[in-house]
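Residue-level listing of the chains:
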Amino acid sequence: MKLNLLPKTVGTEFRSRNAAILGFLLFAGVTAASVVLVSTSRARLDRSYKLVEEAKPASDRVIAAGKIGDDAMAQPGVRTMAVNTSLAEAMLKHNAVYPNFYNKVIPFIPKWFRITNLTATPIDGTTCTLSMTGYVKTYQEYADLMLALLRMPGAQRVNRAGWNQEDAVVPALTTVDQNGRPRRLSEGPIPDDALDRLAYFEQRQEPSGYLQMNGFGIEDPNSAKGAPLGSSEINVTVVITENLTTPNPRATLAAIGAAPAPGAPAAGGAVAGTAAAAGTPTGSPDVDGQGQEDR
């Protein structure tokens, strides 16, 4: 057993002295840190004031130059010249909007989708509609076409219509056809009896050989080609995030109080561009089967 023979006052005085020394050291440290922070902040503030004073003459010159420009733009002749210049620049820049858009989306059109028409129409300032007409051979191509077109940059949704081709199916067994021979749904059952089956195929009279249909076999390379035998013509529309709106010169010139001259071209502009004034450009591509194969 250990006994503490020292009085309690001895331990208390020792702890009080240590606490006083520690408190003094903390106070001194906090005071020194405060002095350093204050002096550093004041030095930074003085440097900021000095930088502001040094930049003030240049700022005054910029403000004065801007005021000169504002005063010049207030004059009708100068303002009209500036707006007309911006209008001409916007018109020239818009010439490449449609070609660049077509070059961007055409690589995503499958080669087995033989398109005959391709047209882009703006909806508003952020979206447009890409309309296509072409031919597909099977329902699988008709289904895969939607997935392929959704890969276009900015594609939101794809709508399609026009499929009317019938694929061969294996029908249910009937009293005439006990083997379930593949046929189209629009055709009657193929008989099991040999003579009846011969008469069935004789009555079908399916075309064969060169039929000279839909422009195929014509030597003229510019002749339009119709639907190939066994294909179905479909219409597809793709809504894409793309701004194709043309500048509006009438609204631009009206903003400066000047009306366009009679017979002035209605294309281009710098201030206002709307889908209503846009429409489809004259040079929208019309791709026939030959061009599609070349691509």
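Source: prediction; values computed, not measured.

Undergrad: Quick rundown of helix α3 (residues 97–105)? Include the residues and the values.
TA: The complete set of buried residues in α3 reads Tyr98, Phe101, Tyr102 and Val105. All buried residues of α3 fall inside an arc of 95 degrees around its axis, so they share one side.

Undergrad: How would you explain the pattern of salt bridges if you had to name every residue and give the values?
TA: For the structure shown, the criterion picks out four salt bridges. For aspartate 177, the salt bridge identified is with arginine 181, shortest N-O distance 3.6 Å. Given a relative accessible area of 0%, aspartate 177 falls into the buried group. Residue arginine 181 is classed as partly exposed on the basis of its relative accessible area, which comes to 22%.

Undergrad: Would you mind going over the packing of aromatic side chains in detail, with residue names and values included?
TA: For the coordinates displayed, the defined rule picks out six aromatic pairs. Measuring from centroid to centroid gives 6.4 Å for tyrosine 98 and tyrosine 102, while their planes differ by 40 degrees, and the two rings are tilted. Of this pair, tyrosine 98 and tyrosine 102 both sit in helix α3, separated by four residues, roughly a single helical turn. Each of the two residues, tyrosine 98 as well as tyrosine 102, counts as buried. Ring plane angle 45 degrees and centroid distance 5.6 Å describe the contact between tyrosine 139 and tyrosine 142, whose orientation is recorded as tilted. On the criterion of helical spacing, the pair formed by tyrosine 139 and tyrosine 142 is a turn pair, its members being three residues apart in helix α4 (residues 139–149). The class of tyrosine 139 is partly exposed, set by a relative accessible area of 41%.

Undergrad: Which residues make up the nonpolar core, and what values do they have?
TA: Side chains of nonpolar character tend, in soluble globular proteins, to be buried together. Among the nonpolar cores identified, the biggest contains 23 residues, and Phe101, Phe113, Leu130, Met132, Leu149, Val236 and Val238 are the most heavily contacted of them. Within the residue set of this core, elements represented by two or more residues are α3, β1 (114–122), β2 (127–136), α4 and β4 (232–241). Other than its neighbours up to four places away in sequence, methionine 132 contacts Ile109, Phe113, Asn117, Leu118, Leu149, Ile234, Asn235, Val236 and Val238.

Undergrad: With reference to specific residues and values, describe the pairing of β2.
TA: The side chains of a regular strand alternate between both faces of the sheet. Across the ten residues that make up β2, a large majority, nine, are buried. With eight bridges joining them, β1 and β2 adopt antiparallel strand pairing. Within β2, the residue paired with asparagine 117 across the bridge is threonine 133. The hairpin turn running from β1 into β2, its antiparallel successor, is four residues long. Of the strand pairs in this sheet, β2 and β4 are connected by ten bridges, and their pairing is antiparallel. Bridging from a neighbouring strand, glycine 134 pairs with isoleucine 234 of β4.

Undergrad: Give a description of a nonpolar patch on the surface that names residues and reports values.
TA: Together, Ile21, Phe24 and Leu25 line one region of the surface with nonpolar side chains, adding up to about 330 Å² of accessible area. Topologically, leucine 25 is positioned in helix α1 (residues 8–73). The class for leucine 25 is exposed, based on a relative accessible area of 51%.

Undergrad: I'd like a description of the environment of alanine 148, backed by residues and values.
TA: Within the secondary structure layout, alanine 148 lies in helix α4. Here alanine 148 falls in the buried class, since its relative accessible area comes to 15%. The sequence separation of alanine 148 and isoleucine 109 amounts to 39 residues, and the corresponding C-alpha distance is 7.0 Å. Setting aside residues up to four positions removed in sequence, alanine 148 forms contacts with Phe108 and Pro110.

Undergrad: Before we move on, could you go through the sheet that holds β1 and cite the residues and values that matter?
TA: As summarised here, the arrangement of the four strands in space is β1-β2-β4-β3, forming an open sheet in which the pairing is antiparallel. At either margin of the open sheet sits one strand with a lone partner, and together these are β1 and β3 (155–161). Strand-to-strand twist of the sheet, defined as the mean angle between neighbouring strand axes without regard to direction, takes the value 15 degrees. In this fold α3 packs onto β1, β2 and β4, with an angle of close to 135 degrees to the strand it touches most, β1.

Quick notes on the rules
- Residues numbered from 1 in each chain as written.
- Predicted model: local features only at pLDDT ≥ 70, side-chain atom pairs only at ≥ 80, totals over all residues.
- Heavy atoms only, no water.
- Buried < 20%, exposed > 50% of the residue type's maximum accessible area, 1.4 Å probe, protein only.
- Helix = DSSP H or I, 4+ residues; strand = E, 2+ residues; numbered from the N terminus.
- Arc of directions from axis to C-beta.
- Salt bridge = Lys/Arg side-chain N within 4 Å of Asp/Glu carboxyl O.
- Phe/Tyr/Trp six-rings, centres within 6.5 Å; stacked < 30°, edge-to-face > 60°.
- Core = buried A, V, L, I, M, F, W, Y, C linked by side-chain atoms within 4.5 Å.
- Contact = heavy atoms within 4.5 Å.
- Pairing = 2+ DSSP bridges.
- Patch = residues over 30% accessible without salt bridge, like charges linked within 9 Å, V, L, I, M, F, W, Y side chains within 5 Å.
- Areas by Shrake-Rupley, 256 points an atom, 1.4 Å probe, with all protein chains shown as cover.
- Axes fitted to C-alpha atoms, helices over the stretch in contact; angles between N-to-C directions.

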